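Structure assessment
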Amino acid sequence: MFCLETYLQESEDYDVLISRAGFKECARVIDENAPEVIHVKPGEKILGARIIGIPPVSVGINEEKGTILFPYTKPCYGTAVVEIPVEAEEIAKIRKLNIN
Amino acid sequence: MKKALILLGCPESPSQTPLAVYVTYKLKKMGYDVTTASTPSAMKLLEVGDPEGYYIKNKIDIESCIDKLDKGAFDLLIGFIHRDAAVSYFVTFNSILDTTSIAIIFEKDVEKLEEFQNMVSESTDATIVSARAFHNPTPLRVRFDKTIKKLIESGEI
């Protein structure tokens, strides 16, 4: 089973667009950097991990690159925006979570 | 037995640890089975202050527990908020549990305090207990007691 925490610790195949930031700032970074943005309820599971945030939580999709952008919050370090590669079928699953 | 979950944020504010013990004491007296979710560093402070686990019995990691959490797992959620990340965690736990919630919001900076209050009130139906506080937990303790009394009288808890 995919574990986001382990992936971020062990893989180098991801980008951090902003880190140690506030949630609203991270939402703006996602809105400005993703060709497609969907909004999900906080607590929804994406890649097996619950999304932490203030509703509606922006999740970016870049279908051409095959990546998603999402907020990643640590209690003592604030929120970061992480862009990681995902399979096309995962993008389809994420689109179904859209509350717009 | 009713179940309560206390969320602790980053432990850099001195008010958080004694208040967490106080809130646990208060809830236990009301008959709640209390679980505390926190970072390892916040838990270490509680464990030193309560070495025999008289108050803090059920302990879980705030990051790993959220994946297993489901609606209705707790009857009451109480979150300590003095950082932006703590707002995000509280709102998310509130959204998943969909239960009665109290947000204890404290900050030295008045603008940040108001910002955190607005973020919580715009995203949840939680009862807010807030005060400009850092070292001194007394204003928060007094307001928490008043809030608990009101919630009991109104039958919400």
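Okay, so let's go over this structure. (Residues numbered from 1 in each chain as written. Chains lettered and ligands numbered in written order. Predicted model: local features only at pLDDT ≥ 70, side-chain atom pairs only at ≥ 80, totals over all residues.)

Topic: the interface of chain A and chain B
Heads up, the rule is: Residue pairs qualify as contacts under a 7 Å threshold applied to their C-beta atoms, which are placed from the backbone. Only DSSP runs of H or I covering at least 4 residues are called helices, and only runs of E covering at least 2 are called strands; the numbering of each starts at the N terminus. Three residue categories are used. Nonpolar comprises Ala, Val, Leu, Ile, Met, Phe, Trp, Tyr, Cys and Pro, charged comprises Asp, Glu, Lys and Arg, and polar comprises the others, including Gly.
Taken residue by residue, the interface counts 17 residues in chain A and 18 residues in chain B. Looking at the side of chain A that touches chain B, the elements that each hand over two or more residues are β4 (49-50), β6 (67-74) and β7 (78-85) of chain A. When the residues that make up the side of chain A that touches chain B are grouped by side-chain class, the tally is 8 nonpolar, 6 polar and 3 charged.

Quick look at the environment of N100 of chain A
Residue and element names in this part refer to chain A. Within the secondary structure layout, N100 lies in the segment after α3 (88-95). Sequence separation of N100 and V40 is 60 residues, and the distance between their C-alpha atoms is 8.2 Å. Those residues in contact with N100 that sit more than four places away from it in its chain are I38 and H39.

Side note on helix α2 (residues 40-49) of chain B
Residues and elements named next belong to chain B. Quick reminder of the rule: Once C-beta atoms are placed from the backbone, each residue is buried if 20 or more other C-beta atoms lie within 10 Å of its own, exposed if 12 or fewer, and partly exposed for counts between those two. What the arc measures is the spread of directions leading from the helix axis to the C-beta atoms.
Turning to α2, its buried residues number three or more, namely A42, M43 and L46. In a view along the axis of α2, the buried residues occupy a sector of 95°, so they form one face of it. The outward face of α2, more than 90 degrees from its buried face, is lined by the exposed residues P40, E47 and V48. Here the buried face of α2 lies against α1 (16-29), β2 (33-38) and β3 (58-61).

Side note on the nonpolar core
Where a protein is soluble and globular, its nonpolar side chains tend to be buried together. Residue and element names in this part refer to chain B. Heads up, the condition is: By convention the nonpolar core is taken to be a set of buried residues drawn from Ala, Val, Leu, Ile, Met, Phe, Trp, Tyr and Cys and joined through C-beta atoms within 7 Å.
The biggest cluster of nonpolar side chains holds 68 residues, and the ones touching the most others in it are I6, L7, I81, F90, I104 and V120. Top element by residues in this core is helix α4 (residues 84-97). It accounts for 9 residues. What L7 contacts, discounting residues up to four positions off in sequence, is A37, I62, G79, F80, Y89, F90 and F93.

Here's the deal with unusual backbone geometry
Residue and element names in this part refer to chain A. In the segment running from P55 into P56, the intervening peptide bond is cis, with an omega of -10°. Position of P56 relative to the elements: it lies in the loop between β4 and β5 (57-62). One non-glycine residue with positive phi stands out, namely R20, at about 50°. Note on placement: R20 falls in strand β1 (residues 15-21). Looking at R20, the number of C-beta atoms within 10 Å reads 11, which means it is exposed. In this structure, L47 takes a positive phi of about 55° despite not being glycine. Along the chain, L47 falls in the loop between β3 (45-46) and β4. According to the C-beta neighbour criterion, L47 is partly exposed, with 17 such atoms within 10 Å.

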